[in-house]
Structure formats: C-alpha cells, structure tokens
Amino acid sequence: MGIEFNKETYRGDYTFTNSPTAIKRFPFPFDKDSYMYAVNMEPHTPVREGSVYYNSFDVDEHYVSEMADRAMVLDEDPLRCQSLPHMELAGWDLLELIMAAKAKDYPDLFKLTCDGDKWHWVNKPLGIDETFTFMDASTLPYGPMEYITRQTQGDFCLLDQREENLWMDAGMITTQADWSLDFDIGMNFFEWHAPVPLAHEKGIFIRALKFLLNIQQGAPARRLNWTMTVNPLLDTSPENYHKWGIQKTTLTPENVGSKQYLRVELQSFFRLPRSNGMVFPIRCYLIKLEDLVTYPKWARRFHRVIRDLPVELATYKGFIDNRPMILDYLAQFDDGAETSPGVWPED
Amino acid sequence: MAGAAKISVKVIDVVEVNELVKRFKFERTDGGLMPTFSGGAHTVVEMNDQGTRRLNPYSLMSSPTDRSAYTISVRRDDEGRGGSLYLHNHVKPGMEMTISNPVNLFSLDLRARKHIFFAGGIGITPFLSQIKQLSAANNGHFELHYAVRTASLGSYADELLEHFPNNVDVYHDDKDQQIPLDKLLEGQPLGTHIYVCGPKGMINWILSGARKAGWPEQALHYEEFLAPEPGKAFDVELAVTGKTIHVKEQQSLLEAIEAAGVDAPYLCRGGACGMCETQVIRSEGDFIHNDHWLTDEEHASGEKIMPCVSRFDGKSLVLDR
Ligand code: HEM
Ligand code: FES
C-alpha cells in the first residue's frame, strides 16, 4: 500500500494539500445535479478498492498531520473530548473496533496482538508501541475512547441507546462543522438536530432514528454530509468561531478557487458489542475548488448544486454571503453538458 | 440484505435441562470466534422444518465475553408454530445451522445504580447473560426474582442460588409462593432500574405495579418475545412486486413474503424493532395486530402492518411490497 504521509498544517500558513491520488478518491457527495436532505444511508460495505469507502476506517496521506492538529486543539481546549461515566465500556468497544479494523486493513502500518486481556498495539505512522490490559483504563495514558481517537482521523460521537433514542454521552470532537460537544453532551437525537432546517418537517429524523436504532453488530451503515469552509480548517467549532468566522470575509474573486473548500463528511454508524451503544465517526475530507474542477463532471455538477441549493440550506451551511462569488467561479467550468449518474469522477 | 448478518454454526451440544427445556450450544463452522455481545441480546435461529422456513429469536445465555460458543435454552411449546418443536425433536449435535449476529432489544441501562430482574419461566434466559456481564464488570449490583412453576421446571435456579445466594430469590407457583412486588418496589435506591421477562400477564403485573408506585417510565424495561400467533390462512397482494401470495396457517406474513422471493426488511421477527413496518395500500377486512411497535392510533388506522407477527382476516389486502 505504502501511504506517504504529508507534512502539512490546518492553521496559520495552511500548507494542507491533496495529491492527485487524494483528489481522485475524494468523496464527492452528489450523485445528481441537485441536492436536498434525505435519509441517505447505505450499508458500510467495501466499494471500489482504493476509494474512501473501501475500509472501515480510512487512513490517508493526511493522517499524521491531522493527528497533530487534534493534539493542538485538545491542548487548548480539553472539553473537546468528554465521556460521561457510564460510557467507558463503549470506549473499550470503540478501541477494539478500530484497532482490529486497522490492523486487518493496514497490516503494514498497524499491528494488534492479543493474549487474553494483554494487548500489544503498534501504530507505526505515529511511532506508538503500547502494551496494556484490555478493560483496565489505568494501563493506558488516556481513557480508551480518547486513547484510540487521538490515533484515528475524524470526529467520534459515542451514543448510548435507551428509551428508543440515542444520547450523545461521549465524544472526541475537534474537526466539526460548527457544532459543539460541550453544548450537545447528554442530548438526544432530536435535541442535537434541532438547529437543522427543513429536515424535521420532512420526517427525515424520525425515520433516520428508527433506522439507526436497528443497526446491528457486523452491519454498519454510512452516509455523506457536506458543507463549505474557507481555508483548509479542520477545527471550525463554535468555540473558535471568532478565529475562523472572519476568514469567510477574506474571499475574493481572485482567491476563491484556492481558498474555498468543499468539506465532505463521511459519517458511519457501528453498533458496539459490549455496551450495545453506537459509534458515529464523522470523517472530514477537504478539497479546494481548484482541485475539484479538475474533473469536468464534478465541476459541472457542483456548479448546478450550489446554484440551485435552497436558501435555507446555504444559510445553515454558512456560505450564503459568498454564494455569488463561488458561483461566478464555478460557472466557467459548466458548459451545460449532461453529467453521468453517480459520484465517480470518470464514469 | 434484510436482517442481521449471519453466522454459520455447528451444534456441538444438546442438553436436556428439564422435561420442557433443552439447551443448545453452537460453535462457528469456520473455527473462528463468535462476536462479543451485550447481556440481554438474542440470536435468530434459522430452521428448515420440512420445507417451511422458520426464524425464531432466542436469548443468548452464555457469558457475553466468552467468544468460543453461544448457548441458548429453548422451551418446548407444543401449541406454537413449531420452531421449538423442531429444535427439540430434530436438532442434534453435529448439525450445521445458520444463526444471526447478536441483536439486543433488551439491554442493561449502564447508568443504573442497581438492577432488579424479574423472570418468569423461560424468561430467565436474557438475565443469565446480563448477570454474567454485571458480575464480570464488577458493577454487579443486582437482584433477581425468579418465578417458576415447580422446582423441577426452574431452569438454572439451583446454579443461580448457588453462585449468587444474596442476590437471587426463587418463587414456586405450586407452593403458592408469590413475588412480593409491593415490598420490593419500596425503598429502592434512586437510579434503580427494573427489567421483566416472562409471560405477558407477569410483565403487565410488574409494570403496572411499578407505575402505580411512581417509578419513572425510563427505569422500566421488558422483553416479551411474541411467538407469532398461528391463525387462519389468508391471501395478500404485493403491489410493488406484483405478486399474490398465500399465507398459510402455520406461517407468518413475513415468512410468506420471503417465500415468494421478496427481500423484505426485518430484524427482531417479534414485533418489537419496527424494521418490517409495511404500508397498507388497500384492505377490506380486519387486521390482527400482534406487535409492540405501532401505536394504538396506527393500529386503528389500518394503514400499517408489522408482517413478522400480525395477520389479516377478510376479503382482500394489498401491501406496499
Ligand atoms: C447518531 C448519529 C448522528 C449524530 C451524532 C449526528 C449529529 C449531528 C450534529 C451534531 C449536527 C449539527 C447540528 C447543529 O447545527 O448543531 C448534525 C446535522 C445534521 N444531521 Fe446529523 N447526526 C447523526 C445522524 C444523522 C442521520 C442518520 C441523518 C440522516 C438523515 C442526519 C442528518 C443530519 C442533517 C441533514 C444535518 C444538517 C447538516 C448540514 O446541512 O450541514 N444525522 N448531525
Ligand atoms: S421484524 Fe421487528 S417488528 Fe417486525
């Protein structure tokens, strides 16, 4: 496999870049020329080798730098990682799930050896070699959820399931699209989704919750969500809005192609075996418009989606003010030709 | 694919627990490990009973952390549809079968300070794995109150009493012993949760007693596997696939839909999970709703049916499948 890890930043000088391979495998979220909220969930089963949908937990060229950025966020604000006391068991479930999956999918990068409850974990890219006792938190430098999510790309919500609902009772949230774990902790599915426009009226959340409550061990599901971010920022949290919100005003017709990013979240859902809880990984992929438009199909389609997106959604996603400028840029790549169905760039 | 992921297993042991109950032990045919599960989970056992496909849920009773094998206990139901009869009469060590990945619709509330379990008869099985889970994690503050018909029919009562003499009480119907419900509901510490598994009458008695005593709804948990009611045969039109199917007396509507080659969603097959919810397009006749999922209003509306447990009696029924 041999992934070469980028040395790059998600803040300050923003040296984040996507290689041609990363561009090609970007999870473009639009399978047709328009977008509306839907109960867009499908089984999380491998699709197309090399794609981001191939492994349970995708590891890519940004891994090492993304983990460094997470460590910085946590240093400044430890409340980005919280776990209510009854969630420790779910934390062990998650640790086991991720370690087993990564060791199986990336044997050249990760290794897990279990001798009863004596576990040995090797994470080569991050230079970690740890021996610990499974289910004994005192043998790890952090609690089990924090330990493993400091080594795994994407945010993680750990949900307790009770009273026919899901409760956000733990999480590691440092790469979020403008929502706060510290605010949402302890809330249920309907409470934390309250700010989302239109979807409640369409009955999307009721049906989505029924589906989620039924997700079974060994049968994970996934969906995509997306938004827009100026500069390759992972941490667009409400806590730091004062730092990144103003960057939206720095967009000009000259720099929109290089500063405006499409931000796609690959969200997945796994039932956790011991706790009967659920984990909701939210993996963030960023691509600047300049790179996105290198595939003509994506360029044409993205222009149409942004152009026709309901005002409520463009407002909620935070780019209503910049929409005209983004559209001016994208329009030059849309000759009106038909686009083929599906998300793949070259199909 | 509808339903939980499947596991190919071999029956490695069949033990007669008493005159009504047999215990079955399964290992994976590929020699691998079983998935870990949480206390209270069940597996759906697939059976080919002389050409009729049966899928019955049974609680896993082994330790959730023992990944070498799964065990279930099955009570023979001479009146029911025959899944338990098939297991009792035809399933022998060495046979290969298919079971589902574990599914839990009756899990412990991990915030609870204390758990009170009420079991009636074969309703003991989910508690066996829950007790193992609690005692392994050693946050095992629990009480078990177990009602059995007679001492000889009290599956696993002796083992439980021996291992947990301070936590377990067994009550014998034939000696007129009754669970002292009112007394037990009093003076429990804040954060105590109640779990009931047993016959319908027992579940209702305990839940209504607890509600009357002011217990909050979120502290009450119960599991009742409805054995799908056998009933009269009926015909159904499936509008989407354009098929007309005949639901036999000893078959559930869901099983008949599947037998017609239509892949319909399901999970629990016991009227609890909501997965098989199906839209009714037209109907002339009476619904026999046996599920726990739809609300009373939805039952009355005639617009929805849960085909895993519910039936129909009348002239015509057209479903959105
Ligand atoms: C249990 C798993 C889930 C968690 C933890 C979760 C969490 C969240 C959070 C925290 C937000 C931000 C809300 C805000 O503005 O404060 C959000 C937005 C949203 N969620 Fe979920 N969600 C979950 C599952 C789902 C599912 C299954 C759907 C399916 C349709 C869904 C649909 C949405 C939509 C449409 C938005 C608005 C996103 C946007 O337009 O950018 N969520 N979710
Ligand atoms: S399959 Fe669960 S309610 Fe029918």
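Bear in mind the structure is a predicted one, so any value in this text is a computation, not a measurement.

Here we look at the side chain of Asn255(A)
Residues and elements named next belong to chain A.
Moving on, step 1. Assignment of secondary structure puts Asn 255 in the loop between α8 (241-244) and α9 (256-259).
Moving on, step 2. Relative accessible area serves as the criterion here: at 17%, Asn 255 is assigned to the buried category.
Moving on, step 3. Excluding anything up to four places from it in sequence, Asn 255 contacts Thr 250 and Gln 260.

Notes on the coordination of the iron atom of ligand 1
Moving on, step 1. Counting protein donors around the iron atom of ligand 1 gives one, His193(A) (NE2), at 2.0 Å.
Moving on, step 2. Within the fold, His193(A) resides in the loop between α6 (189-192) and α7 (204-213).

Thoughts on the site of ligand 1
All names here are of chain A.
Moving on, step 1. Near ligand 1 you find 25 residues, and of these Tyr 37, Trp 192, His 193, Tyr 316 and Lys 317 are the closest.
Moving on, step 2. Tyr 37 places a polar side-chain atom, nitrogen or oxygen, 2.4 Å from an oxygen atom of ligand 1.
Moving on, step 3. Contact between ligand 1 and Asn 225: an oxygen atom at 3.3 Å from a side-chain N or O atom of the residue.
Moving on, step 4. Mapped onto the shell around ligand 1, the elements with two or more residues apiece are β6 (155-162), β7 (165-172), α6, α7 and β8 (221-230).
Moving on, step 5. Sorting elements by how many residues they give to the shell around ligand 1 places α7 first, with four residues.
Moving on, step 6. Broken down by class, the residue content of the shell around ligand 1 amounts to 20 nonpolar, two polar and three charged.

With respect to the nonpolar core
Residue and element names in this part refer to chain A.
Moving on, step 1. Among the nonpolar cores identified, the biggest contains 60 residues, and Trp 226, Leu 262, Phe 302 and Ile 306 are the most heavily contacted of them.
Moving on, step 2. Ranked by residues supplied to this core, first place goes to α7 with six residues.
Moving on, step 3. Filtering out sequence-adjacent residues up to four positions away, Phe 302 remains in contact with Phe 28, Phe 30, Met 228, Leu 262, Leu 289, Leu 292 and Leu 330.
Moving on, step 4. In terms of nonpolar packing, the next biggest core, distinct from the first, is built from 33 residues, Leu 74, Met 99, Ile 128 and Met 172 among them.

How each quantity is defined
- Residues numbered from 1 in each chain as written.
- Chains lettered and ligands numbered in written order.
- Predicted model: local features only at pLDDT ≥ 70, side-chain atom pairs only at ≥ 80, totals over all residues.
- Heavy atoms only, no water.
- Helix = DSSP H or I, 4+ residues; strand = E, 2+ residues; numbered from the N terminus.
- Buried < 20%, exposed > 50% of the residue type's maximum accessible area, 1.4 Å probe, protein only.
- Contact = heavy atoms within 4.5 Å.
- Donors = N, O, S within 2.8 Å, 3.2 Å for Na, K, Ca; no water.
- Near = heavy atom within 4 Å.
- Polar contact = N/O pair within 3.5 Å; in protein donor to acceptor, adjacent residues only side chain to side chain.
- Nonpolar A, V, L, I, M, F, W, Y, C, P; charged D, E, K, R; others polar.
- Core = buried A, V, L, I, M, F, W, Y, C linked by side-chain atoms within 4.5 Å.

Spatial relationships are all this shows, so hold off on functional conclusions.
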